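Structural characterization, general
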Amino acid sequence: REMIPVSLFVIIIGIYGIIIVRKLYERSIYHFMRARECLIEIQSLCDIDFDVIHKNSLSKHLKQFPFSYKMKTHVIWSILCFLISFLGFYIFCKSV
């Protein structure tokens, strides 16, 4: 019975984490799109081909991180927060 407040707190922390991860992901996509638009504008004003720069840097990055490149950070953090919530739910069920 004394574990019920702790389990509810753990559930709330997990849910809060999922919400924060989603919001931070949304903000990162917004800033990525904004930077991309700036690069397109700069490219139209200058004689710089950012697509070539992007392809070169991406190929170097893929050589350095071939397995973790496809991993999405927000998914990893969301899974962790879900597991924290699940742990809180498990503790709650055991204490009732």
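All of the points below concern the structure found in this document.

Cut-offs used in this document
- Residues numbered from 1 in each chain as written.
- Predicted model: local features only at pLDDT ≥ 70, side-chain atom pairs only at ≥ 80, totals over all residues.
- Heavy atoms only, no water.
- Salt bridge = Lys/Arg side-chain N within 4 Å of Asp/Glu carboxyl O.
- Helix = DSSP H or I, 4+ residues; strand = E, 2+ residues; numbered from the N terminus.
- Buried < 20%, exposed > 50% of the residue type's maximum accessible area, 1.4 Å probe, protein only.
- 1 Å grid on protein atoms, 1.4 Å probe; cavity = no way out; pocket = protein on both sides within 12 Å on 5 of 7 lines; lining within 4 Å.
- Points joined across faces, edges and corners; volume = space filled by probe spheres on them.
- Nonpolar A, V, L, I, M, F, W, Y, C, P; charged D, E, K, R; others polar.
- Patch = residues over 30% accessible without salt bridge, like charges linked within 9 Å, V, L, I, M, F, W, Y side chains within 5 Å.
- Areas by Shrake-Rupley, 256 points an atom, 1.4 Å probe, with all protein chains shown as cover.

Quick word on the pattern of salt bridges
Taken as a whole, this structure holds three salt bridges when the rule is applied. The salt bridge involving Glu 26 is made with Lys 23; its shortest N-O contact spans 2.7 Å. Residue Glu 26 and its partner Lys 23 are both found in helix H1 (residues 4-45); the two are separated by three residues, about one turn of the helix. In this structure, Glu 26 and Arg 27 form a salt bridge, with 3.9 Å as the shortest nitrogen-oxygen distance. For Glu 26, a relative accessible area of 35% gives the class partly exposed.

Remarks on the layout of surface pockets
As a volume, the largest pocket reaches approximately 270 Å³. Forming the walls of the largest pocket are Tyr 25, Ile 29, Tyr 69, Lys 70, Met 71, Lys 72, Thr 73 and His 74. Listed by contribution, the elements that provide at least two residues to the lining of the largest pocket are H1 and helix H3 (73-95). The residue makeup of the lining of the largest pocket, split by class, is four nonpolar, two polar and two charged. Taken together, Phe 32, Ala 35, Arg 36, Leu 39, Phe 50, Ile 53, His 54 and Ser 57 make up the lining of the second largest pocket. Every element with two or more residues in the lining of the second largest pocket is listed here: H1 and helix H2 (50-64). Classifying every residue of the lining of the second largest pocket by side-chain character gives five nonpolar, two polar and one charged.

Digging into a nonpolar patch on the surface
A contiguous nonpolar surface patch, about 870 Å² in accessible area, is contributed by Ile 18, Val 75, Ile 79, Phe 82, Leu 83, Phe 86, Leu 87, Phe 89 and Tyr 90. For the nonpolar patch, the element with the most residues is H3, which contributes eight residues. As for its placement among the helices and strands, Ile 18 is situated in helix H1.

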